[in-house]
Amino acid sequence: MHIVVCIKQVPDSAQIRVHPVTNTIMRQGVPTIINPYDLFALEAALGLRDKFDGEVTVLTMGPMSAEDSLRKALTFGADRAVLLTDRCFAGSDTLATTYALAAAIRKIAKEYGPPDLIFTGKQTIDGDTAQVGPGIAKRLGMLQLTYVAKVRTLDLVARTLEAERRAEGGVQVLLTKLPCLITMLEATNQIRRGGMADALRAARAPILKWSAQDAGVEDLSKCGLKGSPTVVKRVFAPSARAGKAALVEAPEQPAQALIDAIFEHQPKLEADLAALARE
């Protein structure tokens, strides 16, 4: 069994600052980490590898510094790491990113065997679009399961997978054919801690570095800023509220009394709700 896990190196969101004049994100001096959602995807892949045998290939697209995140993934137990890096990828939005990653996965399939499964996190903490996983599946013509909480069963003989997917109305249990792409939810498993042997192996392991040409990217006009129709107009930090929050004491009466107390403190809210009811 061969599993590909797509990860992304992102700025630590706890330390991101917004420039007060340009309203752009200040990345200088901000440490980078593996996108937290991708760690749950990696653990899900490693768990299946441990149970059914096979290999896990970790793939990321980014600058040379993204090698640090790939080595971290190797310490968790991944078998192979591929860094897709090229100046032509700079400024890629999700459309351009999925184009490049899909090409790299096709190259991985030729070199190391076609993947039975592709895992990604549900989204990244910097873009928050949740578009890259589904975009890769679309470009590769693969089935996809999004917001997966648990892989229930995997049958490599019948080539089927059963998974639990969280939805607004509850939990869906879905059965799909392999190969497929899965985006994993957060807090769905316990991320392992690599041992000393894994750390030593990760330090010595070669990181495969592919340029756009190496990965077989055919049309460079679909990469980077040229291939990115998304335009970010402005990034800004929300302004602080002028007023303080009001404390509403809960009365020892039915819920209607509490609602009346809230409306007493927020008369505009009551008027807005009444207007919506009339529409």
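The coordinates are above.
First, a word on scope: everything that follows refers to the structure included in this document. (Residues numbered from 1 in each chain as written. Predicted model: local features only at pLDDT ≥ 70, side-chain atom pairs only at ≥ 80, totals over all residues. Heavy atoms only, no water.)

Scanning all chains against the criterion turns up 14 salt bridges. Salt-bridge contacts for arginine 49 lead to aspartate 79; the nearest nitrogen and oxygen are separated by 2.8 Å. In this pair, arginine 49 sits in helix α1 (residues 36-52) while aspartate 79 sits in the loop between α2 (67-76) and β7 (80-84), placing the two residues 30 residues apart along the sequence. By relative accessible area, which is 11% here, arginine 49 ends up buried. Where lysine 209 meets glutamate 67, a salt bridge forms, and the shortest distance between an N and an O atom there is 3.3 Å. Remark: glutamate 67 occurs in helix α2 and lysine 209 occurs in strand β13 (residues 208-210); sequence separation between them is 142 residues. Owing to a relative accessible area of 17%, glutamate 67 belongs among the buried residues under this scheme. The network of salt bridges with shared partners includes Glu43, Arg49, Asp50, Asp79 and Arg192. (Salt bridge = Lys/Arg side-chain N within 4 Å of Asp/Glu carboxyl O. Helix = DSSP H or I, 4+ residues; strand = E, 2+ residues; numbered from the N terminus. Buried < 20%, exposed > 50% of the residue type's maximum accessible area, 1.4 Å probe, protein only.)

The subject of this paragraph is the packing of aromatic side chains. Throughout the structure, instances matching the rule amount to zero aromatic pairs. Geometry around tyrosine 112 places arginine 80 over its ring, the cationic atom sitting 3.8 Å from the centre. The ring of tryptophan 210 has lysine 107 lying over it, and the distance from NZ or CZ to the ring centre is 4.4 Å. (Phe/Tyr/Trp six-rings, centres within 6.5 Å; stacked < 30°, edge-to-face > 60°. Lys NZ or Arg CZ within 6 Å of the ring centre and 35° of its normal.)

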